[in-house]
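Below, each chain spelled out in residue letters.
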Amino acid sequence: MGYKRQLEFFLLRYVPNAVRNEFVNIGLVMVEGGADSGGFADVRFTRDWRRVRWLDPQADVEMLESLERDIRGQLASTNDRAVLLKRLEDSFSNLIQISPTKGCLAEDPVAEIEAMASMYLEAAKVSGKREASERQRILATMREEFERAGVAKFVLPVPVAPYTKPGDPFQFDFGYRVGSEIKLFHAVSLKAGVDSAVLLAARYPRIAPVMSKITQAVPVLTAVIDDDLDRGQESVQFALSMMEEERIRIAAAADMPSIAELARRELKA
C-alpha cells in the first residue's frame, strides 16, 4: 500500500436565492496537507449545467465557467493557501457560497479529485432513454386514468413561464382549478434518478407564491412516483424528504384511479 497524502476539499455552491438558501454544487477545490503546504491544489467544475438552469433559468453560465479558470490560476500562483482560501471566500458575492472544508486521505490526488467531482458535481449517469421511459410510463398511467374518469379535456398541462420568466420551458404535466385551489400533478421517476425530484423541490417554492398571487388561488402539487420503488435507498429517502419539506404531496402511480375519480367529482364531469 502506497503513502496516502492528506487532502482537504470544499464545494462551491451556486445560490441564486440567498433567503431560501437553495443551491446547486458547481465546483470543488482540493488542496494538500493544510493551508501552507505548497503541494497539490486543483479545481473541478461541473460539465452539466442543466441543474443550474433549472434552478435559475437566467443563470450566467459563461461567468460561472470562467470562475474555474480564475480559481485554477490563483491556485497555481499563490503559495500561501490560508491567504488563498480567505481570498476565495471574500471574492464571491452571496451568489457563490463555499461549503465547510472536509479532509480525506488518498495516494493519488488527481484520481481523488476526479472521484469527488463525479460524486458531488455530476448527475447520476442514467441514459436519457431509460429516464424518459420510466417517466413516460408514469405519465401514460396518469393520462389513461384521467381519460377513464372522463376529465382529460379539463386536466391540462400548466406552463410555469407566466410565473417565472418568459421562455421557461418547464410545465407541470396536469392541472385544474377547483374553488380556491389549483391542483397540479407531475410525473417524477425516482428509479431513473433523483435529480428531477430534487430540482422540482428546489423550483416549486419559487413558482408557487407567484402563481398564487397571479391566479388568486393556492397551488397544490402532487408528485406521482414509481410504484415499485425501493424507498430504503438513501438517495430516494433524501429526494422524498426534499419534496415533502416543500409541501409537495407524494402519490404512487397506483394511486391514480382514486386521484382521477376525485378530479371527476370536483370537476363535476
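Residues numbered from 1 in each chain as written. Predicted model: local features only at pLDDT ≥ 70, side-chain atom pairs only at ≥ 80, totals over all residues. Heavy atoms only, no water.

Asks: I'm lost on the packing of aromatic side chains in this one. Help?
Replies: For any two aromatic rings, the description comes down to two numbers: the centre-to-centre distance and the angle of the planes. Applying the stated criterion across every chain yields a total of six aromatic pairs. Here Phe9 and Tyr120 contribute two aromatic rings whose centre-to-centre distance is 5.8 Å and whose plane-to-plane angle is 45°, an arrangement assigned as tilted. In this pair, Phe9 is assigned in strand 1 (residues 5–17) and Tyr120 in helix 4 (residues 109–121), connecting sequence segments 111 residues apart. Exposure remark for Phe9: the relative accessible area of 4% places this residue in the buried category. A relative accessible area of 23% means that Tyr120 is categorised as partly exposed. With centroids separated by 6.3 Å and ring planes inclined at 85°, the aromatic side chains of Phe172 and Tyr204 adopt a geometry described as edge-to-face. Here Tyr204 lies in helix 6 (residues 195–215) and Phe172 lies in strand 7 (residues 171–178), a separation of 32 residues in the sequence. Across the pair, Tyr204 and Phe172 agree in class, each one buried. (Phe/Tyr/Trp six-rings, centres within 6.5 Å; stacked < 30°, edge-to-face > 60°. Helix = DSSP H or I, 4+ residues; strand = E, 2+ residues; numbered from the N terminus. Buried < 20%, exposed > 50% of the residue type's maximum accessible area, 1.4 Å probe, protein only.)

Asks: Could you clarify how one ought to interpret the sheet that holds strand 10 (residues 249–252) in this entry?
Replies: Whether parallel or antiparallel, the strands of a sheet pair through hydrogen bonds between backbone atoms. The five strands lie next to each other as 6-7-8-9-10, forming an open sheet whose pairing is mixed. The outermost strands of the open sheet, each flanked by one partner alone, are strand 6 (156–159) and strand 10. Direction aside, the axes of adjacent strands within the sheet are offset by 40° on average. As judged from the four bridges shared by strand 9 (residues 218–225) and strand 10, these two strands associate in the parallel manner. Bridged to Ala223 within strand 10 is Ile250. Against the sheet, helix 6 makes contact with strand 6, strand 7, strand 8 (181–187) and strand 9, and its axis sits at roughly 150° relative to strand 9, the strand it touches most. (Pairing = 2+ DSSP bridges. Axes fitted to C-alpha atoms, helices over the stretch in contact; angles between N-to-C directions. Contact = heavy atoms within 4.5 Å.)

Asks: In this structure, what is going on with the environment of Ala223? I would like to understand it.
Replies: Summarising the element assignment, Ala223 is placed in strand 9. Along the sequence, Ala223 and Ala252 sit 29 residues apart, while their C-alpha atoms lie 8.3 Å from each other. When near neighbours in sequence (up to four residues on either side) are disregarded, Ala223 contacts His186, Val188, Leu200, Met243, Ile248, Arg249, Ile250 and Ala251.

Asks: Where do I start with the nonpolar core in this structure?
Replies: Core analysis: the biggest nonpolar cluster contains 28 residues, and Phe172, Leu184, Leu190, Leu200, Met211 and Met243 have the highest contact counts within it. For this core, the secondary structure elements donating two or more residues are strand 8, helix 6, strand 9 and helix 7 (234–245). Among the elements that take part in this core, helix 6 stands out by supplying eight residues, more than any other. Aside from chain neighbours lying at most four places away, what touches Leu184 is Val158, Phe172, Phe174, Gly175, Tyr204, Met211, Pro219, Val220, Leu221 and Thr222. Counting 20 residues, the second-largest nonpolar core is a separate cluster that includes Leu12, Tyr14, Trp49 and Leu55. (Core = buried A, V, L, I, M, F, W, Y, C linked by side-chain atoms within 4.5 Å.)

Asks: Looking at this structure, how should I read the pattern of salt bridges?
Replies: Side-chain pairs of opposite charge can arise where the charged atoms are in close proximity. Inspection of every chain in the model, using the stated rule, returns 16 salt bridges. In this structure, the salt-bridge partner of Arg203 is Asp168, at a minimum N-O distance of 2.5 Å. Taken as a pair, Arg203 in helix 6 and Asp168 in the loop between strand 6 and strand 7 lie far apart in primary sequence, 35 residues in all. For the residue pair Arg203 and Asp168, the accessibility class agrees, reading buried in each case. It is possible to trace a salt-bridge network through shared partners that takes in Asp42, Arg44, Arg47, Glu68, Arg72 and Glu114. (Salt bridge = Lys/Arg side-chain N within 4 Å of Asp/Glu carboxyl O.)

Asks: Before we go on, may I ask you to explain helix 7 in this structure?
Replies: Because an α-helix packs 3.6 residues into every turn, residues spaced three or four apart end up facing the same way. Counted at 1.5 Å a residue, the expected span for helix 7 with its 12 residues is 16 Å, and the 16 Å between its end C-alpha atoms agrees. Restricting attention to buried positions, one finds in helix 7 the residues Val236, Ala239, Leu240 and Met243. Along the long axis of helix 7, the arc covered by the buried residues comes to 95°, so they all point the same way. Every exposed residue of helix 7 that faces more than 90 degrees away from the buried side is listed here: Glu234 and Glu245. Where helix 7 is buried, its residues touch helix 6, strand 9 and strand 10. Positive phi appears at Arg247, one or two residues downstream of helix 7, with a value of about 60°. (Expected span 1.5 Å × (residues − 1). Arc of directions from axis to C-beta.)

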